[in-house]
Amino acid sequence: MPELPEVESVRRRLAPVLEGRSLDHVEISDARLTRPDDPDLVARELEGEQVAAVDRRGKYLIVRFESERALLVHLRMTGSFRHGPEGALPEDPHRRAVVRLDDRSDVAYRDVRRFGTWLLLEPGELEPYLDARVGPEPLEAAFTAKELGKRLASRKAPIKATILDQRTLAGVGNIYADEALWRARIHPLREARSLEPTEVRALHKAIRKALEVGIARQGSTLRDYALPDGGSGGMQHEFKVYGRAGEPCERCGTPIEKIRIAGRGTWYCPACQPSPLDLAGRRPA
Ligand SMILES: [Zn+2]
């Protein structure tokens with residue numbers, strides 16, 4: 001699933017394409033994309049809207065219109081965009097929507113697994129919708145180590161599950177959770193509330209670093225992720241632990257192990273990221 005770095009990379013490519021343009025014609029061919037709203041009705045409502053800005057919040061893309069309405073897009077598993085001159089995009093059996101812009105170019109939305117969503121929100125609806133679903137942006141200055149610590153303090157769940165919860169912080173998914181925990185040398189099964197202040201600070205720094213490296217590489221190309229110009233990201237070549245079971249940890253050489261946490265494959269270094277049981281044995285109660 002695209003996470004913050006992937007969605008941010010898409011946003012950076014989509015913004016110059018969309019900003020200032022009007023939506024001349026919109027075709028939505030998959031009712032799942034807009035349900036429970038009727039796809040044709042949503043398409044008619046979008047026509048004539050002029051794009052003011054393309055923003056991101058967590059894993060959501062936000063197309064803000066001059067009318068102060070917003071189209072909230074979630075790519076879920078396999079959603080992606082393609083941009084090209086009018087009529088020039090190749091046939092695609094997984095195309096779910098096409099937006100024709102007033103500069104005679106097309107933005108197409110493709111989604112193999114069809115879990116992605118488009119939600120048209122009226123003025124004033126966006127902020128409450130997002131506030132109910134996503135916590136702070138991890139790369140913003142307001143997200144301090146202290147703020148992270150507050151959000152972990154009462155949580156008994158494993159730290160990995162806690163940082164995957166979008167209400168703890170926005171945008172971290174399975175890949176960047178594993179990468180951040182490795183960087184912070186924290187075992188993914190540690191109880192969130194058991195982290196020492198120094199560990200919280202290390203994790204805060206590690207989350208930011210993992211996300212920043214991901215953005216610098218324009219995301220990771222796994223499954224169907226692609227940028228709007230058809231290009232791909234390179235982060236998959238830089239993973240420290242994700243998907244690397246049996247390969248040596250780059251810090252200590254110990255083979256990376258894989259376990260499952262909350263149903264998600266989880267990779268970590270058993271030497272650099274000591275298990276909660278080992279820590280319990282070593283520390284006075
Ligand atoms: Zn290691």
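Computed from a predicted model, the values in this text were never measured in an experiment.

**Student:** Would you mind going over helix α1 (residues 4–18) with me for this structure?
**Tutor:** At 3.6 residues per turn, the α-helix brings residues three or four places apart onto the same side. Given a rise of 1.5 Å per residue, 15 residues ought to cover 21 Å, and the 20 Å separating the end C-alpha atoms of α1 matches this to within 8%. Most of α1 sits inside the fold, with 12 of its 15 residues counted as buried. Among all positions of α1, only Leu-4, Pro-5, Glu-6, Val-7, Glu-8, Ser-9, Val-10, Arg-11, Leu-14, Ala-15, Val-17 and Leu-18 are buried. Directly beyond the C-terminal end of α1, a positive phi value near 85° is found at Gly-20.

**Student:** Any chance you could explain the nonpolar core here in plain terms?
**Tutor:** The nonpolar side chains of soluble globular proteins are, as a tendency, buried together. Grouped together as the largest cluster of nonpolar side chains are 36 residues, with contacts concentrated most on Leu-152, Ile-159, Ile-163, Leu-203 and Ile-207. Of all the secondary-structure elements, those providing two or more residues to this core are α5 (145–152), α6 (159–164), α7 (174–184) and α8 (197–216). Per-element tally for this core: the top contributor is α8, with 8 residues.

**Student:** Teacher, can you tell me more about the coordination of the zinc ion here?
**Tutor:** The expected angle between donors at a tetrahedral four-coordinate metal is 109.5 degrees. At an octahedral six-coordinate metal it is 90 or 180 degrees. For the zinc ion, the full set of protein donor atoms is Cys-249 (SG), Cys-252 (SG), Cys-269 (SG) and Cys-272 (SG), at a range of 2.2 to 2.4 Å. In the primary structure, the donors to the zinc ion are separated according to the pattern C-x2-C-x16-C-x2-C. One end of the pair, Cys-249, is in the loop between α8 and β9 (257–261); the other, Cys-272, is in the loop between β10 (264–268) and α9 (276–282), and 23 residues separate them in sequence. Across the pair, Cys-272 and Cys-249 agree in class, each one buried.

**Student:** Just checking my understanding: could you explain the sheet that holds strand β1 (residues 23–28) for this structure?
**Tutor:** Whether parallel or antiparallel, the strands of a sheet pair through hydrogen bonds between backbone atoms. Taken together, 4 strands build an open sheet; the order of strands is β1-β6-β7-β5 and the sheet is antiparallel. The two strands at the open ends of the sheet, each matched to only one other strand, are β1 and β5 (79–85). Mean inter-strand twist for the sheet, computed between neighbouring axes without regard to direction, equals 15°. For β1 and strand β6 (residues 95–101), the ladder comprises 5 bridges, and the chain directions are antiparallel. Directly across from Glu-27, in β6, lies its bridge partner Val-98.

**Student:** Looking at this model, I keep getting lost on empty space enclosed by the protein. Mind explaining?
**Tutor:** The probe, sized like a water molecule, is rolled over the atoms to show the empty space still left. All told, the structure shown has 1 cavity of 30 Å³ or more when counted by the stated rule. Taken as a whole, the largest cavity encloses approximately 120 Å³ of empty space. What lines the largest cavity is a set of 13 residues, among which Leu-18, Val-63, Leu-71, Val-99 and Trp-118 lie closest to the centre. Among the secondary structure elements, those contributing two or more residues to the lining of the largest cavity are α1, β3 (60–65) and β4 (70–74). Considered class by class, the residues forming the lining of the largest cavity number 13 nonpolar, no polar and no charged.

**Student:** Can you walk me through the layout of surface pockets in this structure?
**Tutor:** Reported here for the largest pocket is a volume of approximately 460 Å³. Along the wall of the largest pocket there are 27 residues; nearest its centre are Met-1, Pro-2, Glu-3, Lys-59 and Arg-264. Put simply, the parts of the chain that give the lining of the largest pocket at least two residues each are α7 and β10. Residue composition of the lining of the largest pocket, by class: 12 nonpolar, 7 polar and 8 charged.

Analysis parameters
- Residues numbered from 1 in each chain as written.
- Predicted model: local features only at pLDDT ≥ 70, side-chain atom pairs only at ≥ 80, totals over all residues.
- Heavy atoms only, no water.
- Helix = DSSP H or I, 4+ residues; strand = E, 2+ residues; numbered from the N terminus.
- Expected span 1.5 Å × (residues − 1).
- Buried < 20%, exposed > 50% of the residue type's maximum accessible area, 1.4 Å probe, protein only.
- Core = buried A, V, L, I, M, F, W, Y, C linked by side-chain atoms within 4.5 Å.
- Donors = N, O, S within 2.8 Å, 3.2 Å for Na, K, Ca; no water.
- Pairing = 2+ DSSP bridges.
- Axes fitted to C-alpha atoms, helices over the stretch in contact; angles between N-to-C directions.
- 1 Å grid on protein atoms, 1.4 Å probe; cavity = no way out; pocket = protein on both sides within 12 Å on 5 of 7 lines; lining within 4 Å.
- Points joined across faces, edges and corners; volume = space filled by probe spheres on them.
- Nonpolar A, V, L, I, M, F, W, Y, C, P; charged D, E, K, R; others polar.

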